[in-house]
Structure formats: structure tokens, C-alpha cells
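Descriptive structure summary
Listed below are the residues making up each chain.
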Amino acid sequence: MAASTAPPTPRGVHRWARLCAAVAVVVATFGVVLSTGVGGPDTAQIISNLGLCAAAASAALACLFRAATLRGRVRAGWALLGLGVLSWGAGQGCAVWLETFTGSVPLPSQADIGYLGMILLTSAGLLVLPVATQTLANRARSVLDGLMVAVSLVLIAWFVVIEPLIKAGGDSVLALYLSLAYPLGDIVMVTIVVYMLALQRRRGRDFAHLALVAAGIVAFAASDIGYAYLNLTGAYASGSGTDIGWFAGFSLILLAAAKPLGTADPAEPAPVDGEGGQPFGVLLPYVAVLAALATSVVWFARTGQATPFVTYTRSALILLIVGRQLLTLLENRGLTRNLETRVADRTAELYASEQRFHALVQHSSDVVTVVGTDAVVLYQSESVQRVFGYTPAMLTGRNLTERFSPESAARLLDALRSVSARPYATTVLELTLPHLDQRLRQAEITVTNLLGDPNVGGLVLNTRDISERKELQEQLVHEAYHDALTQLANRALFRERVAEALEQRGEDDDVTVLFLDLDGFKEVNDSLGHLAGDQLLVRVADRLTASVRDGDVVARFGGDEFAVLIRSALGQGEAEIVAQRIVDELHEPFRVGDRDLHVRGSIGLAAYAALGEGAAGAGHADDAEQLMRNADLAMYKAKGTGGSGFASYDPRMLAGLVERLELEADLRLALERGELRLHYQPTIDMADSRVIGFEALVRWQHPTRGMINPLDFIPIAEATGLIVPLGRWVLDEACRQAMEWSARDGRRPVKMAVNVSVRQFDRSDLAAVVREVLTETGMPADQLCLEMTESVLMTDTEDNLAQLVRLKALGVTLAIDDFGTGYSSLAYLRRFPVDTLKIDRSFVERLGEQADDAALAGTIVQLGQSLGMSTVAEGIEEYGQLAALREMGCTFAQGFYFSRPVPAGEAGRLLLEGAGAQPAPA
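Bear in mind that the values here come from a model prediction, so they are computed numbers and not experimental data.

The rules we used
Every chain is numbered independently, its residues counted from 1 as its sequence is written. Local features in this predicted model are restricted to residues whose pLDDT is 70 or higher, and side-chain atom pairs enter the listing and the counts only when it is 80 or higher, whereas totals over whole chains, interfaces and linings include all residues. Hydrogens and water are ignored here; the side-chain numbers use all heavy atoms of the structure. When the centres of two rings from Phe, Tyr and Trp lie within 6.5 Å, Trp using its six-membered ring, the rings pair. Their planes under 30 degrees apart give stacked, over 60 give edge-to-face, and anything left gives tilted. Labels follow the DSSP assignment, with helices taken as runs of H or I lasting at least four residues and strands as runs of E lasting at least two, numbered in each case from the N terminus. Buried residues are those whose accessible area, probed at 1.4 Å on protein chains only, stays under 20% of the maximum for their type, while exposed residues exceed 50% and partly exposed ones sit between those limits. By the criterion adopted, a ring carries a charge over it if an Arg CZ or a Lys NZ lies within 6 Å of its centre and within 35 degrees of its normal. A side-chain nitrogen of Lys or Arg and a carboxyl oxygen of Asp or Glu constitute a salt bridge if their distance falls within 4 Å. What qualifies as a polar contact is a pair of N or O atoms within 3.5 Å, subject to a donor-acceptor requirement within protein and to the restriction that residues adjacent in sequence count only when both atoms come from side chains. Within this scheme, the nonpolar core is defined by two criteria: the residues are buried Ala, Val, Leu, Ile, Met, Phe, Trp, Tyr or Cys, and they are joined through side-chain atoms within 4.5 Å. By definition, residues are in contact when any of their heavy atoms lie within 4.5 Å. Of the grid points, spaced at 1 Å and generated over the protein atoms alone, those admitting a 1.4 Å probe that cannot get out make up cavities, while open sets with protein on both sides within 12 Å along at least five of seven lines make up pockets; any residue with an atom within 4 Å of a point is treated as lining. Grid points are joined across faces, edges and corners, and a volume is the space filled by probe spheres set on the points. Polar here means any residue outside two lists: the nonpolar Ala, Val, Leu, Ile, Met, Phe, Trp, Tyr, Cys and Pro, and the charged Asp, Glu, Lys and Arg; Gly therefore counts as polar. At least two bridges found by DSSP between two strands are what make those strands a pair. Every axis in this analysis is a line fitted to C-alpha atoms, fitted for helices over the stretch in contact. Angles between the N-to-C directions lie between 0 and 180 degrees. What sets the label is the angle itself: under 35 degrees gives roughly parallel, over 145 gives roughly antiparallel, 65 to 115 gives roughly perpendicular, and the rest give oblique.

**Some details on the packing of aromatic side chains**
What the rule picks out here adds up to 10 aromatic pairs. When the ring of Phe-30 is compared with that of Phe-247, the centres are 4.0 Å apart and the planes differ by 10°; the resulting orientation is stacked. In this pair, Phe-30 is assigned in helix H1 (residues 10-36) and Phe-247 in helix H8 (residues 243-258), connecting sequence segments 217 residues apart. Neither residue differs from the other here; Phe-30 and Phe-247 are each classed as buried. A cation sits over an aromatic face here: Arg-66 above Trp-78, 5.6 Å from the ring centre. Seen from the ring of Trp-16, Lys-259 lies directly overhead, with NZ or CZ sitting 5.3 Å from the centre.

Okay, here's the thing in C-alpha cells:
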């Protein structure tokens, strides 16, 4: 009946067991209240009416919920069962309403529609439920079982209900038919459910569900019969003990719907007739017949009468039983023939299995040898010739150890002695055995003591050639500890070698780790491709191996990172000599294909002697990790000084790293804590020295460190990606401040410049973020200037061009910051929609000192004019610089000469009073 093969979980089984206990308690309580009449007839009637409605509703909901978790015919069957129970509940509700407001429930009434609906819907639901495919004999037997139950129940109902109802008549013909419809409908339902049980009796994890439904319908039918009988005698009253059967029946249906699904193996073969039968399913038809016969005997003893209906019904039962027995006889004969066939097949199968086992032993890839306790060969399988080259005749009757080396022979004899004293004991050992052609092979031998087995009478050796497995194992170990590209040691093997060196270090010895990172390798990889990069790494590995001493370990950690382990005497400086030799070797070009490639190396050195006293108590593995970490820190120090050199570890490097990590952690919380501030540096119009806008610059007021320089935390934000939320906050705060000044002064917002990081350009939603900020703050798009460095033009050119086009479509102004310090070409400037060039302060601060710098600044101004761009000079600190830039035709200016970056309050005052710059001469 279930659509899933998943076994029930222990939790589900326990939950259902608790539900059974709870339902049992409720049914018992309901039965006690109704049977004893506690509280009087009125109380019993109210409890009965409400309890029956609640029981019907609960059972219906459980069936419908079970249907929702299934599919196909199973879902339809449970749904019809639920609708049938719900129909009875609706009829009961109508009867309660009639009894409450009219004082009686007439027959017929609207309630009978719901009651009869249950018979139709439940019967349909039971028939819809799928059953396993049945043979013709099984199907015929199930039909006979169902007919036996049906005829028996009709006979019982005739005695108890039908004949008295017919004799009593009724208020009307319709009332009589309705009175007869209930017991007959119950008989139909019971017959159908017994028929379904008969189909499920051979096997079925759903038998328990169907049995619970059957028990519920039987209890229901018993109450219907009791109701009809009491109604016939005028003794029925709502709230009497007869109602217990209905309540119990719905409770059983509720338990059937809530019961977890059983387990089933889809691959399990279909059952053979007669196997695994359910005793209850087999005996149920006979129980029904016996009940019918017992009822007829009692009835005849009381009345002494026999009616034609009873006679015909008994005859039908006898014919059904005879048919059932004839069918059983035919089945038994078929089973006997089937059993004889199976015995013959089994015998043939055993013989074939014996022959197959003999063939497998003779031709197995394992060599089977039987020896005595003295290692003399009693039996040798033919597979020994295929595996080791010997014929069985060359070994049989000889001492097996004669072919072994002394060491292997001694180990084999020890193994034979270890198992000889214990019957069926086994042991496994690996030996090196000689092939007939004198090649040595690795073998795994399993020795089993079968001396006590009369069919064997010896020690059995199962020998397997594992030479290929050993070679594969060694290859896998090599691959696990070596770099696949360069065949150098990898990080795992290097760490082990460092730990071993530390463990073996003497008092006058030192262990040094060199950490190497190639300078310029990324450019080779990006420009020439990964194949050229791999070839270059192989050349570097060869050169490193040639540069170190014998006994030094060279490793590649991945990418362009290499490491060298050096053992030396204390104070000899051999590690520095090797490092310098590596640096010198890397200065020579590498020939890759038809190209000469140039890369350099930055090397960090960390010696064990520099670890200090704190390392003395640490384990060698921890010291190895610390050495490698220190060498990595020193490498970054060497790279930071320009590369192509080496640097030794200094404890201050670790302190700097720790400080950076702490600063990073604090920066993550700075936005939440409101520690960030914006300062504003005015932008001056060269023509009239008027403040035309501001550049928003972020400042960090740390609660304990005080004001932190942007050069200290902006790189951290860039490296960690925190620059994205930080940039969003700066953009929002700057636009908000510009609108606040506008509202205060009653004029158009000033131009506000905000720096945008390359990391922000990496995100495709930058234009959407800017649009959202402009919308939220009300800032006019043409008054917002986004400043970027030249690196935006040089990386991911096409993607960044599309990003700039989207920003330009919003109406914002775009500027290139620090122009002249990068490598942007004129072609890029023409393609990108840039409005402003900002001359880097390095050109401005040397105006008047070097003619080349003045010429370069003038060239940038002329370039901007030729491309229709405005120019902004940064870092003006003297009047002479200002005058020179005015003479060049520079459009705007910034610098300490006008004002330092100031908080919003002071910036607002500058906006009103001006920055105090001298205007241009007329």
C-alpha cells in the first residue's frame, strides 16, 4: 500500500507506539464513561456525541494526511477511506444537531446520507488499494475466502438483525430499506477487507495497516448490528455502550493511517505459494464460517425453526468450503511436484558448485598450497605455474622453504608454528619470494590451520602476488609527498623533513628554512599562458636543485612558492650563502621555447637559533610550523623592499603581522560602532579661487589607538574586501552631507568627489549601488564625481569599460586620480568616458625645481584640454606652485595651501567664506 521503500525510523516507531498507548487510554476512558453511565445519561450522551464526531474527524484527517504523502492508487485508496470516515462524521454531526434542536433523529433523515456515504466511499477505497500480482490459483482462493466470509456474515446478520427487522417492518418502506442497508453495507465492507487481507496474506509490509482498518470496520459493524438490534427492541439511546464500537473503530483506523511504513526489499524475489503466509489471513475465513455455524446452532436451539434462507445459506457455505479444499488439494499436489523439482535442481546445483570450486582452485589467481607442519608440500594448485613459474610437480613432496631465502624461510616457519596449535587459526604475512626466472616478487600469504579437517589435513597457504600493488602503493606515497609538476618535495614532506632535522639537531647545529617567491611570474603566466608558466617552474626547480648543497631539501608548495631546508653549523652563515647563490642564479634568463624569460626571487630566511628560548619546550612539529611561518614572513619583508634579494626573520615581523590582524578585526567592527568619519578637502576653481566642491576622505577614530592614518587601514580594507561596504558608507555619507549643506544654504549642492576602489569595480552591482545612493539621498547625479586610479583602465579592460559606461549613463562625473603615476595609454583615455584628470602631487610638489616635472605637468594639462577633460592639481602647498599651474591652464586645484581635509562643520564654513586663496590676477 505504501509508495516508498524507506524503512521506518526508530523515532517514528516510538512516536506511533506512544500514539497507540494514548489512543488505548482514550478508548478505555470513553468505554468506562459510556458503560457505567458516570455523570448521568445526559453527560454520557454529550460525551458520546462529541467523542464520535472528534474520532471520525481525527481518523479522516489522518487518512487524508497519509494520502498526501503517497502517490498513485495508494493515494486514491487512502483518500477515499478518509472521505468515507469524514462522510460518517458529517452524518453524525447532522444527527447531533437534530437530536439537540428537535429532540429526536427520525429514520430516514439527512444524517443517513452521511452514514451510507461511508459504506460507498470506504468500499471503493479498499478496492482501489493495489495488491501484489497474484497467480490464478491465489486469486481464486482469495475470491473463495471473500465469499465464505460474506456468506457467513450474511447468515449471522440474518439471525441477529435482518429477519427481526423484516418481521418488525417499519414506519415506511424507505425506513425498512435503510434499516436493512446498514447491516448489509457492513457485510460488504467486511467482505471486501477480508478479501484484501487474503490477497496480502502471503507477504506484505502493509498487512498490519490493512488489519487495523479491518479491525476498525469489524468494530464499526458490531456497533451497527447492536444499534439495529437495540433500535428494534426500542432500547437504544445515544450515549449507550453500543457507541463504544464506533469510537473504537475510528480509533483503529486512525492508528492504521498513522502507522509508519514497513520495510521492503525491491530486489527480493516474489514469494512461492505457501511461503511466509500470514496465519490470521489464512484462518480468518474459517473463523467466520465457524462463527456463522455457531450462531445458527444457537438460533436453532432457541427457535427450533429452519427457514429456506438459512438452509440455502448453509448449503452455499458447504459448497464454498468444499471448493476451497479442492483448490487446496490441487495446490498441495503442485507444491509436491515443485518441491521434487527443487530438490533435483538443488542437487545438480551442488554438483556444479563442487566442480566450479575445483576449477576456481586450479585456475585462481591465488596460489593454494597445503603443507604439513614441517612445510612439506602435500598439495599444490596449478595456478603456481602462472604466478611463480613452477609446475605443481616441482613443489609437491618437497620442503617449501627450499625455494625461499633464509629470512623468508624463517618467517614462514614461525607462521606455521604459530597456527599449528590452534585449530582454524589464521595468520597473514608478507614475504619476498623468488620467481622461477630469479625475479623477486612480493607476496601476501594467508596461513590457515585445517589440520583437523579430514578433507584437508594440513596447513593451507593462500599466496597472492602483490608486487603490482606494492609498486602502486609506493607510487601513491611518492605522489602524496611530491609535487606533480617539478617532482620536488611538497609541503607535507617538507614539514616532515624539517621536523626530522629539528629532532636530529645537535647542540652546535642549526636548521634554517628558506622561503622563495618568484617576482614577475604572474606576468609570464598571464601573458604567455599556463603551459609556459609550468615550463618556467620546472626550469626554476632545476636551477634551485643545482644551487643548493648535497643533503639540502628543495620543495615546491604550489604556484610560484618554493622552500629549501638547510642544515648547518651554528654561526657559519651557510644559509645566507645558499640564499645569495639562488638569487644570483635567478638573475640569469630562462630559455622557454624561443623566448628568454626573466624572473627574480624574494627569499625569506628563518633559523631555529632565532626562535629563542620559547621554542625549547615546543614539539618538533610545532617548531617546524613556526620556522616555516617565520620564513614566510621574512619573504614578504624581502618582497616589500623591492624583491630580488633575501631577508632574515626578525621578531618584529610577527608583531607587525599580529598588529595587522588586530587592526583588521577592529576595522570589521568600526562601521557598526560608528568609529569612521569623513573629512572634506575643498576643490578650488583656479579662475576665481572659489570653493566649487569637496573631496570626501575617510578617517578612523579608533577608541584606543586614536586617529589612524588611512594609509594604515585602507590597504587592509582593500586586501580583505572590507573596502566594498566601507566605500558604500563613504558614498552615502558624502552625498547626504552635500544635501544637508544644500538645504542649509538654500542653493544647489556642491560637487562631491568620492574615491572608488578597484575592488568595488570588480562587483557588477556598482552602478546599481550608486543609483540607489543617489535616489535615497536626493543628490543630483551631475554633482557626484567618482575618482578611480589608472589601474581600473589597465585591468579587466572590457568589463571595466562596460562598468564605466553604466556609471556615466547615470549622469555622474568620472575622474582618474593620481594621473601620471600609472601606465595608462592615450588609447585607453580615448575609449573610456572620463571627464577629469587629477595631476599627482609628486609632479606638483617639484614645480619650479626640475624642468622635466614642470613640462610633464604641463603636458598632462594640455592632454586634458585636447581630450575635452578638466584637470585638477593635487598637493598644492605654495603660491609658486599655484601660479605655475594657473599659467599652464589647469582648471581646478587642491592642497594644504587652501585647506587640509577638515570635518563637516569646518568644511561648511569654508563653503560660505571661501578657502582664503588669492584670486588670479586680472
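**A short note on the pattern of salt bridges**
Counted under the stated rule, the structure contains 26 salt bridges. Residue Glu-430 is joined to Arg-469 by a salt bridge in which the shortest nitrogen-to-oxygen separation is 3.8 Å. Taken as a pair, Glu-430 in strand S3 (residues 426-434) and Arg-469 in helix H14 (residues 467-481) lie far apart in primary sequence, 39 residues in all. Classification of Arg-469 by relative accessible area gives partly exposed; the value is 40%. As a salt-bridge pair, Lys-838 and Glu-695 come within 3.1 Å of each other at their nearest N and O atoms.

**Regarding the side chain of Gln-803**
Take Gln-803: it is sitting in helix H26 (residues 797-810). Classification of Gln-803 as buried rests on a relative accessible area of 2%. One polar contact links the side chain of Gln-803 to the main-chain carbonyl oxygen of Arg-763, over a distance of 2.7 Å. Polar contacts involving the side chain of Gln-803 include one to the side chain of Arg-806, which spans 2.8 Å.

**A look at the nonpolar core**
One finds Met-752 and Leu-807 to be the most contacted residues of the largest nonpolar core, which totals 72 residues. In terms of residues, this core owes the most to one element, helix H22 (residues 723-745), which gives eight residues. The residues contacting Met-752, other than those within four sequence positions of it, are Tyr-680, Phe-694, Ala-696, Ala-734, Ala-738, Trp-741, Met-779, Gln-783, Leu-784 and Cys-785. Val-33, Ala-67, Ala-111 and Leu-210 belong to the second-largest nonpolar core, a separate cluster that totals 54 residues.

**Concerning empty space enclosed by the protein**
What the rule picks out here adds up to four cavities of 30 Å³ or more. Lining the largest cavity are 15 residues, and of these Phe-388, Leu-395, Leu-400, Phe-404 and Leu-433 sit closest to its centre. Breaking the lining of the largest cavity down by element, the ones donating at least two residues are strand S1 (367-371), helix H11 (383-388), S3 and strand S5 (458-465). Its residues placed into classes, the lining of the largest cavity shows 11 nonpolar, three polar and one charged.

**What to know about the sheet that holds strand S4 (residues 440-450)**
Judged by pairing direction, the sheet is antiparallel, and its five strands sit side by side in the order S2-S1-S5-S4-S3 without closing on themselves. Where the open sheet ends on each side, the last strands, each with one partner, are strand S2 (377-380) and S3. Put simply, the sheet's adjacent strands are angled 25° from each other on average, direction ignored. The pairing of S1 with S5 spans five bridges and is antiparallel. Bridge assignment links Val-371 to a residue of S5, and that residue is Leu-459. In the packing of helix H13 (residues 406-420) onto the sheet, contacts are made with S1, S3, S4 and S5, and the angle to S3 comes to roughly 165°. Against the sheet, H14 engages S3, S4 and S5, with an angle of about 120° to S4.

**Remarks on the packing of H1 against H8**
Look at H1 against H8: their axes get within 10 Å of each other, and the N-to-C directions meet at 175°. As summarised for this structure, H1 and H8 are arranged roughly antiparallel, according to the angle between their axes. Contact residues: Trp-16, Leu-19, Cys-20, Val-23, Val-26, Val-27, Phe-30, Gly-31, Leu-34 and Ser-35 in H1; Asp-243, Ile-244, Phe-247, Ala-248, Ser-251, Leu-254, Leu-255 and Ala-258 in H8. Tallied by class, the residues present in the contact of H1 with H8 amount to 14 nonpolar, three polar and one charged.

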